[in-house]
Amino acid sequence: MIRLQNQFQPEQQAISRRNMKRRSLLCGALSAMPAAWAGTSRLESLRWLPEDRIDIGRASFALSQELYPSVDIERLSRQLDAMAAAVRRKVTSPNDPEERVWAMNTVFFQERGIRYDHDPQGREKPLNYLLHGLLETGKGMCFSMPLLYVAVGQRLGYPIALVCVPDHTFARYVDPAFPHGNIEATSGGKRFTDDDYIGRHGVNATALKSGAYMRALTLREHLGVLITCSAYIHALRKDVATCLQYLKASLTLAPRRAETYEQIAEAYSYYSKLTSGSESSSYALQAKATMRKAIDLGYVRIEDVQQARNNKGMAGR
């Protein structure tokens, strides 16, 4: 068993196993004491948006603009509009989910050349987590690629939502008449069953009951996931105050996201070791309470995800 405190060394280098890089980089950002959390007007305005006012593509670009001020929200939105129009032109049976998904796969992967970033260092590239990065570079990962389906699908009126499993997300076409609606964006839009995802990612019964995993997210919940991606990028930049601010803000939108509680618990645990006396005890108590929430939701450790993949004979992404 790998102890979390072993990941919090001030001079730590990213550990070698690819499936652990996201955690090690987040922990590496926690090398300074927490500072006062300054208000972020963009973050505040986004996290209180009602469901019917969320354009998930534009919201993603707005978060990107906080990180990269040169991001042109209107230009990128027009790209999504153009992709939606290209999909619409290919669909001859307007209510056929199979044809709709085929058209999206064709536009994304054949016409636009979107592809998964197989670089071993891919998880360390901030742009891989952002929709604007996917549109600019043509490469992405399992956060940005399913988002493209949801953002374009929203423009077309298609019922496509994000679904989370441990250490991964995918898209789902939500229609009772279309039972095989899971869309694996990182594999060119291939289809996998719920059982495939549950087995490959080690999803437990507690998580299925709580809705932490395998559930189609609302747009507000999806926005919460995007905010955790921004938190991670702030962590890469060693900005612990903003990282923690974003993680906490994301819980307003996605309160059942187990990984967020685990990440906050790791931070509290680390701070408890940098302090002493009542301050240290306070951090330790907060870490314990926050981690308990993650466990109650059915949190699955990254190590257990890798074990599940090994048991299935799969090389995981």
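Computed from a predicted structure; not experimentally measured. (Residues numbered from 1 in each chain as written. Predicted model: local features only at pLDDT ≥ 70, side-chain atom pairs only at ≥ 80, totals over all residues. Heavy atoms only, no water.)

1. Here's the deal with the pattern of salt bridges
- Overall, the coordinates contain 17 salt bridges when judged by the stated rule.
- Measuring nitrogen to oxygen at the nearest pair gives 3.9 Å for the salt bridge that ties R309 to D167. Here the residue R309 occupies a position in helix α14 (residues 302-312), and D167 occupies one in the loop between β3 (160-165) and β4 (168-173), the gap between them amounting to 142 residues.
- Residue class for R309 comes out buried when judged on its relative accessible area of 1%.
- Between R301 and D304 there is a salt bridge whose closest N-O contact spans 3.0 Å. (Salt bridge = Lys/Arg side-chain N within 4 Å of Asp/Glu carboxyl O. Helix = DSSP H or I, 4+ residues; strand = E, 2+ residues; numbered from the N terminus. Buried < 20%, exposed > 50% of the residue type's maximum accessible area, 1.4 Å probe, protein only.)

2. Structural notes on the confidence of the model for the protein chain
- Overall, the predicted model of the protein chain reaches an average pLDDT of 86, with 85% of residues at or above 70.
- Here residues 1-40 is a poorly scored stretch, pLDDT under 50, and it has 89 contacts once near neighbours within four places are set aside; other chains count. (pLDDT = per-residue confidence, 0-100. Contact = heavy atoms within 4.5 Å.)

3. What to know about helix α11 (residues 240-253)
- Helix length check: α11 (14 residues) gives 21 Å between terminal C-alpha atoms against 20 Å at 1.5 Å per residue, within 8%.
- Counting buried positions over the 14 residues of α11 gives 12, a clear majority of the element.
- For α11, every residue scored as buried is listed here: V240, A241, T242, C243, L244, Q245, Y246, L247, A249, S250, L251 and L253. (Expected span 1.5 Å × (residues − 1).)

4. Thoughts on the state of the cysteines
- For the structure shown, the criterion picks out zero disulfides.
- Here C164 stays unpaired: no disulfide links it, and the sulfur of C142, its closest cysteine neighbor, is 9.2 Å away.
- Relative accessible area serves as the criterion here: at 4%, C164 is assigned to the buried category. (Disulfide = S-S within 2.5 Å.)

5. What about the sheet that holds β3?
- With antiparallel pairing, the three strands of this open sheet are ordered in space as β3-β4-β5. Edge positions in the sheet fall to β3 and β5 (182-183), since each of these pairs with one other strand and no more.
- Bridge analysis of β4 against β5 gives two bridges, and the strand direction is antiparallel. Among the inter-strand pairings, A171 is bridged to a residue of β5, identified as I183. (Pairing = 2+ DSSP bridges.)

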